[in-house]
Amino acid sequence: MNHDLSSTEDPDQDPYQVLPTIYVNKRFSQTLINRVALLTVSVLALVAVIYGGYQFWYLRQVNPSGDPAAAEIFTITETDDLLTISKRLEQEGFIVNDSVFRSYVSSKGGLEVAAGFYTVKPLDHVGNILRILRTPPNETLTKITFPEGFTLAQMAQRLGDEVKSVNESDFLLKTGDTPAEISAVRSVYQPESITSLEGLLFPDTYLINGDQTATQVAQQMLKLMERVGRQEGLDDSMNAVGLTPYEVLTIASIIEREAKVPEDRAKISRVIYNRLSLGMPLEIDATLFYKQNTDLPFLELKAIDSPYNSYLYTGLPPTPISNPGRAAINAALNPAPNPSSGDPICREITDGSPCSYLYYVLSDKDGHHVFAATLAQHQINVQAAIVAGVL
């Protein structure tokens, strides 16, 4: 049976249309388009601002504002790579950002590291710094190590033996270790009345240029001590322990000469602070040997009237007695706490007075010390050390 639908269909309707016709409001469509366009422009503008801000920031990392500072020596060692070089460049104030420096170097083809001394202007354009570091140094380098606790005299002797350009006596003159001489360079930690750099040169391993003078070597060591001091909090010593940075370095120099094992450093530091606060003589053997004939019998050294004789005079010696390392400086800034009331060395104190570390003596051949709060305890410990053959 056939059905004729033509009479009921809309003559304008597409007979093949399946989906319904959707009518769009033209005004709504235009508004939507305008909003999308506005949003797109806003996003692009924000991206442009962020990108421009980043570019400005990056430019200031690459080319810091202002003029570069006076040229200084920057040292690259045989074990350095781009990472260690960039971090030290930032630490020493030559560049602003170590990661930006590494990115810049990588974008410019990298850096072939060559050990030596380079004359670099702090806060110069990193492109100029990179150009200098790409120029192989011509200087002959000598590696030299100064152990912690070395005195200026010992440093001078080692320099004289191992570095052709530095004379032992000249180094002593330039560091003020010779009477009537004033150091050629000065430390930020050096009191105005002090002429010697004893205690102000950092003991470490250095690469010395074959053309470097005694003054330049001293300045290199002095700057490293200042940097280590800042890292350890030495600049804030008055708030930390109530003493000046120079006084703390003097205590550190004593700790360096006295302590034989790491765990004793902070306790020896506490003994020194306790005795200073009580007005007791330090009575520390290491002070007796400073600038004296170490072959003399101990009793003769103890009888010498010297401002460094801590058996005869109270307070600290007039200068440090050695050049301390980082661990000794840290101990001088962070003395160990006194023993608790339950500690065995406190049991004999029954009069209510504080229990404090006041004495110490060697206890074994490995260099450990035993500490005491009373003279009676100390005398027992001394006798035990004599029996053990360590005194």
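Rules and cut-offs
Residues numbered from 1 in each chain as written. Predicted model: local features only at pLDDT ≥ 70, side-chain atom pairs only at ≥ 80, totals over all residues. Heavy atoms only, no water. Helix = DSSP H or I, 4+ residues; strand = E, 2+ residues; numbered from the N terminus. Buried < 20%, exposed > 50% of the residue type's maximum accessible area, 1.4 Å probe, protein only. Contact = heavy atoms within 4.5 Å. 1 Å grid on protein atoms, 1.4 Å probe; cavity = no way out; pocket = protein on both sides within 12 Å on 5 of 7 lines; lining within 4 Å. Points joined across faces, edges and corners; volume = space filled by probe spheres on them. Nonpolar A, V, L, I, M, F, W, Y, C, P; charged D, E, K, R; others polar. Disulfide = S-S within 2.5 Å. pLDDT = per-residue confidence, 0-100. Salt bridge = Lys/Arg side-chain N within 4 Å of Asp/Glu carboxyl O.

**Details of the environment of M155**
For step 1, the next point in the chain: Mapped onto the elements, M155 comes out in helix α5 (residues 152-162).
For step 2, the next point in the chain: A relative accessible area of 0% places M155 in the buried class.
For step 3, the next point in the chain: Spatially, the C-alpha atoms of M155 and P203 are 8.9 Å apart, while their sequence positions differ by 48 residues.
For step 4, the next point in the chain: Ignoring sequence-local partners within four residues, the contact set of M155 consists of F146, F150, F171, L201, P203, M221 and N323.

**Structural notes on the layout of surface pockets**
For step 1, the next point in the chain: Empty space within the largest pocket amounts to approximately 920 Å³.
For step 2, the next point in the chain: In terms of residue count, helix α7 (residues 214-232) provides more of the lining of the largest pocket than any other element does, 8 residues in total.
For step 3, the next point in the chain: Looking at side-chain class alone, the lining of the largest pocket contains 8 nonpolar, 10 polar and 11 charged residues.
For step 4, the next point in the chain: In this structure, the second largest pocket occupies an estimated 720 Å³ of space.
For step 5, the next point in the chain: For the second largest pocket, the lining is made up of 26 residues, of which E258, E283, D285, Y311 and Y360 are closest to its centre.

**Observations regarding the state of the cysteines**
For step 1, the next point in the chain: Taken as a whole, this structure holds 1 disulfide when the rule is applied.
For step 2, the next point in the chain: Between the sulfur of C346 and that of C355 lies a disulfide, 2.0 Å long from S to S. Classification of the bridge connecting C346 and C355 rests on its S-S torsion, roughly -85°, and on that basis the disulfide is left-handed.
For step 3, the next point in the chain: For C346, a relative accessible area of 6% translates into the label buried.
For step 4, the next point in the chain: Taking the relative accessible area as the measure of exposure, C355 reaches 15% and is therefore buried.

**Things to note about the confidence of the model for the chain**
For step 1, the next point in the chain: Predicted confidence across the chain gives a mean pLDDT of 87, with 89% of residues reaching 70 or more.
For step 2, the next point in the chain: The model gives residues 1-8 a pLDDT under 50, and that stretch makes 0 contacts with residues more than four places away or in other chains.

**With respect to the pattern of salt bridges**
For step 1, the next point in the chain: Scanning the entire structure with this criterion turns up 10 salt bridges.
For step 2, the next point in the chain: When the shortest N-O distance is used, the salt bridge between D170 and K174 registers 2.7 Å. With D170 and K174 both in helix α6 (residues 168-174), this residue pair falls 4 residues apart, about one helical turn.
For step 3, the next point in the chain: We classify D170 as partly exposed; its relative accessible area is 26%.
For step 4, the next point in the chain: A salt bridge links E232 to R326; its shortest N-O distance comes to 2.9 Å. Here the residue E232 occupies a position in helix α7, and R326 occupies one in helix α13 (residues 326-333), the gap between them amounting to 94 residues.
For step 5, the next point in the chain: Overlapping salt bridges bring together D80, R88, E92 and R227 as one network.

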